[in-house]
Amino acid sequence: MADLEPTSPLQRGKWGHVMPYLFLLPAAIIIVTFRLLPILSALAVSFFDASFGKIRGFVGLDQYAKLFADPEFWNSAVNTVWFVVGAVPLSVATSLFFALLLRKGIRGLGLYRTIYFLPVVTSFVAVSMVWKLIFHVRFGLANALIEKMGGNPLEWLEEPTGIFELMLRPLGWDLPTWAEGPSLALICVVIVSVWRGIGYNVVIFLAGLQNIPEHYYEAARIDGAGRAGMFRHVTWPLLTPTTFYVVVMTTILSFQVFAPIYLMTGPPVGGPLGTTNVIVYYLFEKGFDAGGNMGYASAVALVLFAVILVLTLFQRKVVEKRVHYA
Amino acid sequence: MRSVSPAFRRNWAIHLMLLAGAVAFVVPFYWMISTSLKGPEDLFQAPPTWYPEHPRVENFSEAWNTVPFPRYFFNTIFVAVCIVAGVVVTSGLSAFAFAFLQFRGREGIFNSFLSTMMVPEPVYIISSYILLYNLPGGGRDGWINDYSALIVPWLAHVFSIFLLRQHFLSFPRDLVDAAVIDGCGPVRFIFQIILPLSKAALTTVCLFTFINTWNSFLWPLVMTNSDSIRPIQVGLAFFAQEQGTEHGLMMAAAVFSIAPLLVVYFFAQRQIIESLTHTGLKG
């Protein structure tokens, strides 16, 4: 409980009690009006019918009933989960790999870091546009490289077939539809998202690696640990908080993937055959396209929020309990 | 192999892998630039050529003039400058209050600010649209398709408040006492003591605010519907959708849309990397 009397000497005079609130006022007006209010009303909006900003009738839980009965919603949910399951391990493993290579004052560290970070400052719109051309079936770089190495060109962003099916088909296997996995088109978007974010995660990992005290390695060396032993018994356990942070942040960001889907897939966006329709695009389409229902879209937003909230709370719980601190 | 240092000889495998990584990050940028200079005879070659055999610089002027890119640039810069200025003022003032002043509800207000950071943009974008649509002023649709919708909701930034507060808390407490003894009021304290000592922290706030605003996409995509308001990312996205087959023009537009930020990046890369990794970035 804060004191009633101002204790900061800066608050002398009869305005001392009011002064702090005056300093807070500009930020508070913006945050309360444009963050807190929309966040709190998102739930309320999902109980109404609303189109293009105009609230219409109260419908109770109807939006949620419609939502959970819509196969298109479940399709986008499954695609989003595939996206996350593909992007997070790939991103974390690749950036940890490069961070491990980059540490210990290797020559050119600054230059490598600058280059790896380049995509992070580049807009996702421009990044998606160039990758769409790279994956172009006829004039793209990806197929040109494959053909040069003697392989068969792929359909990339136009390929609706699941990647497990694509991999096992040459062996004569034919998987049932549910086991085909995410489409190659979705995997292309995964690759682009991971490519764009690696530099960011590398810098975070480098900072984490720097925090591991050198004497742990000396002790391990005296105990006769090799490179693998040092990684397993020193680097990996002491890096856990960083790894955990990177995993959770990448997961939360991956659930919100939008720009590369919007710019790389289709037409229509989310194609081929809806295999790249993700939850935020589904929300956008249902809320803002012609005939859109913002109440329905807000219900989608709340489902997304529930998932992200669970992840955030899970992170806090694990950080408190299990993570090994140096 | 005299010229190769022993350290390099020991680490050549590491350098090889790092170099492979660097190539993977540079090639798409190279491809963007190379394609931006290709005319029809270079573009429709299968397999594609590495570099334009008949370079076509006119792609840039053509892209620039097909849709109002100058307007998009103006919109982006105008919006970004307003937001940066606003964020510095609002976060600076409130961080000052949180760090140096005593008042009722200080922790509660601070925590409620922080709690908004847990909610990602797609979650509140629908209700924000409805709010902006129903606000008075602006145009036919309230604040929708008005600069106010792009600027005002972003004039305060919770993480900037958090960051500056952390920075202010690192100041020695004696500083305040000494200043007060010298007859310093809060306003003079801010301008003569805090500001000169906070250049690095404020630069961090400015840089990430500017970069995030420049690159933001979903918000302006939803909140605008005419060329007169659209910022560069949305203009570029629509250009890409309309000119889907004009690869040369598309890449020319992509090049000049990322060029300003990349120039800034090459001059201030250390600060930018630090600033973005301190604070998180948006999709």
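Throughout what follows, the structure given in this document is the object of discussion. These figures come from a predicted structure and were not determined experimentally. (Residues numbered from 1 in each chain as written. Chains lettered and ligands numbered in written order. Predicted model: local features only at pLDDT ≥ 70, side-chain atom pairs only at ≥ 80, totals over all residues. Heavy atoms only, no water.)

With that settled, the discussion passes to the environment of W214 of chain B. Residue and element names in this part refer to chain B. Tracing the chain through its elements places W214 in helix α12 (residues 199-215). In this structure the C-alpha to C-alpha distance between W214 and A80, which are 134 residues apart in sequence, comes to 6.6 Å. Setting aside chain neighbours within four positions, we find W214 in contact with F73, T76, I77, I232, Q233, S257, P260 and L261. (Helix = DSSP H or I, 4+ residues; strand = E, 2+ residues; numbered from the N terminus. Contact = heavy atoms within 4.5 Å.)

On to the packing of aromatic side chains. Residue and element names in this part refer to chain B. All chains considered together, the criterion is met by 60 aromatic pairs over all chains. Here the aromatic rings of Y30 and W50 are separated by 5.8 Å at their centres, their planes lie at 45°, and the arrangement is tilted. In this pair, Y30 is assigned in helix α2 (residues 12-36) and W50 in the loop between α3 (40-43) and α4 (58-66), connecting sequence segments 20 residues apart. A relative accessible area of 34% places Y30 in the partly exposed class. Positioned above the aromatic ring of W31 is the side chain of K38, whose terminal nitrogen or guanidinium carbon lies 4.6 Å from the ring centre. (Phe/Tyr/Trp six-rings, centres within 6.5 Å; stacked < 30°, edge-to-face > 60°. Buried < 20%, exposed > 50% of the residue type's maximum accessible area, 1.4 Å probe, protein only. Lys NZ or Arg CZ within 6 Å of the ring centre and 35° of its normal.)

Turning our attention to the interface of chain A and chain B. Each side of the interface is counted separately: chain A has 94 residues, and chain B has 105 residues. Of the roughly 9,100 Å² buried between chain A and chain B on both sides combined, carbon and sulfur atoms contribute 79%. It is L10, F23 and F139 of chain A that lose the most area in chain A upon contact with chain B, and together they represent 8% of the buried surface on that side. Across the chain A-chain B interface, the total number found is 0 salt bridges. The interface formed by chain A and chain B contains 11 residue pairs in polar contact (both at pLDDT 80 or more). When grouped by side-chain class, the residues that make up the side of chain A that touches chain B number 71 nonpolar, 15 polar and 8 charged. (Buried area = accessible area lost by both parts, 1.4 Å probe. Salt bridge = Lys/Arg side-chain N within 4 Å of Asp/Glu carboxyl O. Polar contact = N/O pair within 3.5 Å; in protein donor to acceptor, adjacent residues only side chain to side chain. Nonpolar A, V, L, I, M, F, W, Y, C, P; charged D, E, K, R; others polar.)

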